[in-house]
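Each chain is listed here by its residues.
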Amino acid sequence: MEIKDIKAIYFVGAGGIGMSALARYFLHKGICVAGYDKVPTPLTQQLEKEGMHIHYEESVEAIPAPCKDSETCLVVYTPAIPKNHQELVFFRNNGFTIEKRAQVLGTLTRTHKGLCVAGTHGKTTTSTMCAHILHQSHLDCNAFLGGISKNYGTNYILSNQSDLIVIEADEFDRSFHWLRPWMSVITSTDPDHLDIYGTKEAYLESFRHYTTLIQPGGALILHKGLEMRADVQPGVQTYEYSLHEGDFHADNIRIENGEITFDFISPIEIVRNIELGQPVPINIENGVAAMAMAQLNGCTADELREGMKTYGGVDRRFDFRLKDSRHVLLSDYAHHPKEIYQSAKSLRELYANRKITAIFQPHLYTRTRDFYLEFAEALSQLDEVILCDIYPAREQPIEGVSSQLIYDHLKPGVEKSMIHKEEVIALAKQRDFDVLVILGAGDLDNYVPQLAEILSNK
């Protein structure tokens, strides 16, 4: 179905961060937008305020009339929804066009210049940085992001004048194969989602195939040293980037008094004295990738400087929720061992002489089974680790797989304990943490506002 033919759009699984951005795009276009989700959340309630019709029980009767016309209604679903969901069955049996979110984004990359950021980790921050740089520049952009930008309070940017569209390219379920990027960054290819891919080789092959989809005339900006093999079409320029070397990199890095400044080295134009608006060491490298893509599309040196200086970060991505003379509290979505390693490394650089405690909720039984040794290794950089039960998301329990696997392999010398997530608030009332980070992609983050209040009152 062409975008121009759509009169209504229905989301089965409306409240996901990526689905909600698409919903907002179509709301802005003035068409009927409706959907189902399992439970109300602040995000679904906000969408309802913006004009979306959402209900929370499986019910064909609750689907609005404009969404029951198979000729003009596009149905978008998330793979997390079971195949026997009543509403999906109704749409399937009645000849509706049913697409994954990634397919709809793919259609948009055929009508816009898609600037896509792929990779096991770093993609949300890098794509949000790039979108902010472009949006405040003379170029402007549209954007579909995987997290809530603190600059805009949303995961979505709309422009009526720009044909650039920044998209976070998700490798889960091979979703990014629907995209046709004009340019792409690939940040990392550390194996993940092995419940989908099976082997590291299949995971890397998926990224190789993704690089074949970049359109001639465009560019691939590849992190230096990745195991994957790029396979671009003729007419696609390939660049490398990293922290200290590559076509794009940082030089003259200064970290002092909680501020980070560096020079951006580029084959197009070197830009001196970049200030990081969110001064976290890992954001130097993410910033290099974001600026590379923005610069290749025509951002000026002053626009790069201003964009980086005013970048406010992403909710739950190394997200400071309390910072006073006695306590630091962060929330970080890190849920892969390499992400946790980077998060811990950044915390160590920022707080070298303080006690750092992590409360970690592992995400998925399969990921815990596949990477428990690596999780233990990464977490062992910290002074204290408190483990919660695994957040199952879409999965059923696997016999013998629990947080105990990580606990048992933490290095000697690390203080360690295991609790249920419901006990976190009581623990915070008893304890006085110095630097506390809440890690994981599950629902432990829901306790962060209460934790911030408890710590600030101590």
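Residues numbered from 1 in each chain as written. Predicted model: local features only at pLDDT ≥ 70, side-chain atom pairs only at ≥ 80, totals over all residues. Heavy atoms only, no water.

### Remarks on the sheet that holds strand β13 (residues 249–256)
With antiparallel pairing, the three strands of this open sheet are ordered in space as β13-β14-β15. At either margin of the open sheet sits one strand with a lone partner, and together these are β13 and β15 (271–275). Adjacent strand axes in the sheet meet at a mean angle of 20° when their direction is disregarded. Bridge count between β13 and strand β14 (residues 259–265): six bridges; the pairing is antiparallel. Paired with Ala-250 across the two strands is Phe-264, which belongs to β14. Of the strands in this sheet, β13, β14 and β15 touch helix α8 (residues 282–296), which is tilted by about 40° from β14. Strands in contact with helix α9 (residues 301–310) are β14 and β15; relative to β15, the strand with the most contacts, it is inclined by about 15°. (Pairing = 2+ DSSP bridges. Helix = DSSP H or I, 4+ residues; strand = E, 2+ residues; numbered from the N terminus. Axes fitted to C-alpha atoms, helices over the stretch in contact; angles between N-to-C directions. Contact = heavy atoms within 4.5 Å.)

### Some remarks on the sheet that holds strand β16 (residues 319–323)
Strand pairing in a sheet relies on backbone hydrogen bonds, with the paired strands running either antiparallel or parallel. Read from one edge to the other, the open sheet built from six strands follows the order β16-β17-β21-β18-β19-β20, with strand pairing classed as mixed. Whereas interior strands pair on both sides, the edge strands pair on one side only; in this sheet they are β16 and β20 (415–418). Pairwise comparison of adjacent strand axes, ignoring direction, gives a mean angle of 15° for this sheet. Here five bridges tie strand β17 (residues 328–332) to strand β21 (residues 435–439), and the two strands are oriented parallel to one another. Residue pairing in the sheet places Asp-332 in a bridge with Leu-439 of β21. The sheet strands contacting helix α10 (residues 337–350) are β16, β17, β18 (356–360) and β21, and the helix crosses β21 at an angle near 165°.

### As for helix α1 (residues 17–28)
Helix length check: α1, at twelve residues, gives a terminal C-alpha distance of 17 Å against a target of 16 Å (1.5 Å per residue), a fit within 8%. Among the twelve residues in α1, ten count as buried, and that is most of the element. When we look at burial in α1, the residues that qualify are Gly-18, Met-19, Ser-20, Ala-21, Leu-22, Ala-23, Arg-24, Tyr-25, Phe-26 and Leu-27. (Expected span 1.5 Å × (residues − 1). Buried < 20%, exposed > 50% of the residue type's maximum accessible area, 1.4 Å probe, protein only.)

### Brief notes about the pairing of strand β10 (residues 183–186)
Alternating residues of β10 divide into Met-183 and Val-185 and Ser-184 and Ile-186, and every residue in both groups is buried. Two strands pair when backbone bridges link them, and strand β6 (residues 113–118) and β10 are joined in this way by four bridges, in the parallel orientation. Residue pairing in the sheet places Ala-118 in a bridge with Ile-186 of β10. Here four bridges tie β10 to strand β11 (residues 219–223), and the two strands are oriented parallel to one another. Considered in β11, the bridge of Met-183 is made with Ala-219.

### Regarding the nonpolar core
Formed by 43 residues in total, the largest nonpolar core has its most connected members in Leu-134 and Phe-264. Counting residues per element, this core draws most heavily on α8, which supplies eight residues. Counting 42 residues, the second-largest nonpolar core is a separate cluster that includes Met-19, Phe-26, Leu-27 and Val-104. (Core = buried A, V, L, I, M, F, W, Y, C linked by side-chain atoms within 4.5 Å.)

This is a description of form; function is not addressed.
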